[in-house]
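# Chains, contacts and geometry: an overview
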Amino acid sequence: MTFAEIKAILASKTVGIAGAGGLGSNCASALVRTGIGKIIIADFDIIEESNLNRQFYFKTQIGMKKAIAIKENLLFINPDAQIENHDTFLTPENIPEIFNNCDVIVEAFDKADQKQMLIETVLSVWPEKPLVIGLGMAGFGNSNTLKMHQSGKLYICGDEHTEISEDLPPIAPRVGMVANMQANTVLEILLNKEID
Amino acid sequence: MEITLNNRKEIFEAETMTVTELLQIKNFTFKMLIVKINEKLIRKEEYSSAIISDGNQVMVLHLISGG
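We now turn to the structure provided with this report. Since the model is a prediction, treat every value here as computed from it, not as a measurement. (Residues numbered from 1 in each chain as written. Chains lettered and ligands numbered in written order. Predicted model: local features only at pLDDT ≥ 70, side-chain atom pairs only at ≥ 80, totals over all residues. Heavy atoms only, no water.)

A separate point is the sheet that holds strand E4 (residues 33–37) of chain B. All names here are of chain B. Taken together, 5 strands build an open sheet; the order of strands is E2-E1-E7-E4-E5 and the sheet is mixed. The outermost strands of the open sheet, each flanked by one partner alone, are strand E2 (8–11) and strand E5 (40–42). Mean inter-strand twist for the sheet, computed between neighbouring axes without regard to direction, equals 30°. Examined bridge by bridge, strand E1 (residues 2–5) and strand E7 (residues 57–62) share 2 bridges and lie parallel to one another. Bridge assignment links threonine 4 to a residue of E7, and that residue is glutamine 57. (Pairing = 2+ DSSP bridges. Helix = DSSP H or I, 4+ residues; strand = E, 2+ residues; numbered from the N terminus. Axes fitted to C-alpha atoms, helices over the stretch in contact; angles between N-to-C directions.)

Residue and element names in this part refer to chain A. Residue position: glutamine 61 is located in the loop between strand E2 (38–43) and helix H3 (66–77). For glutamine 61, a relative accessible area of 3% corresponds to the buried category. When sequence neighbours within four positions are dropped, the list of residues in contact with glutamine 61 reads Ile47, Ala69, Glu72 and Asn73. (Buried < 20%, exposed > 50% of the residue type's maximum accessible area, 1.4 Å probe, protein only. Contact = heavy atoms within 4.5 Å.)

One pass over the structure, following the stated rule, counts 3 aromatic pairs over all chains. On the basis of an interplanar angle of 70° and a centroid distance of 4.9 Å, the ring pair of Phe44(A) and Phe89(A) is categorised as edge-to-face. Taken together, the residues Phe44(A) in the loop between E2 and H3 and Phe89(A) in the loop between strand E3 (82–87) and helix H4 (95–98) connect sequence positions 45 residues apart. Centre to centre, the rings of Phe28(B) and Phe30(B) are 6.3 Å apart; their planes meet at 20°, and the pair counts as stacked. Over the ring of Phe3(A) we find Lys7(A), and its NZ or CZ is 4.1 Å from the ring centre. Sitting above the plane of the Trp126(A) ring, Lys129(A) keeps its charged end 4.7 Å from the centroid. (Phe/Tyr/Trp six-rings, centres within 6.5 Å; stacked < 30°, edge-to-face > 60°. Lys NZ or Arg CZ within 6 Å of the ring centre and 35° of its normal.)

Time to look at the pairing of strand E1 (residues 14–18) of chain A. Residue and element names in this part refer to chain A. E1 sits mainly inside the fold: 5 of its 5 residues count as buried. Burial of E1 is two-sided: the residues Thr14, Gly16 and Ala18 facing one way and the residues Val15 and Ile17 facing the other way are all buried. As defined by bridge partners, E1 adjoins strand E4 (residues 104–107) across 4 bridges and the pair is classed as parallel. Within E4, the residue paired with alanine 18 across the bridge is glutamate 107.

Set out below in structure tokens:
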């Protein structure tokens, strides 16, 4: 596949991203640079100073809604990018509506219970829709523990082991690696259709 | 029975078991789980009734915070 062919395919695709924190903001930034056709991204949160250690926001944006700021930042990369942003708390009720037209969905939440809610909702509403989740990326070092593994239409990126704690904080490199691994998996799904 | 649990072959003495029994035998005590049998999502309220039998593909994914 030539670069022109890759770009032509990606330009016709829509990717949904659930969450615009460490995983979602960085995954969206990678995907917008690939020339993906459309990104639908949702988050309810506000940017805090503590987010700047890993999330794709700037000091001047502290206090802004992430849903607003992420669109602003993605449009700085490409003013012609199609970004549909939702300043909303995702629930089993609104997920089917917001992400209905996506070719792939990226799970980019922070909390385990929210991850569970999104995965259960996507698997029951669209059993055939590819879902790329981020699982285990706390701390630093140990690059080789980060991997992607597939279980049906569920693609799991991360070490599946390190949970955020006082001793294992979320830090830019590993969070960014998993966010980019998720974006890379999205490309693999969209360009190969099937991977195994 | 022989099942595939998280992409690995495993043999159990029982001919069938529920998800609850599997979680007990494997000592999976995590709170936040995603369970699939042959690609079908099994919700928490179905753990005690959903039956796993020979040849099934089972996924038990432990969800952890971070992102």
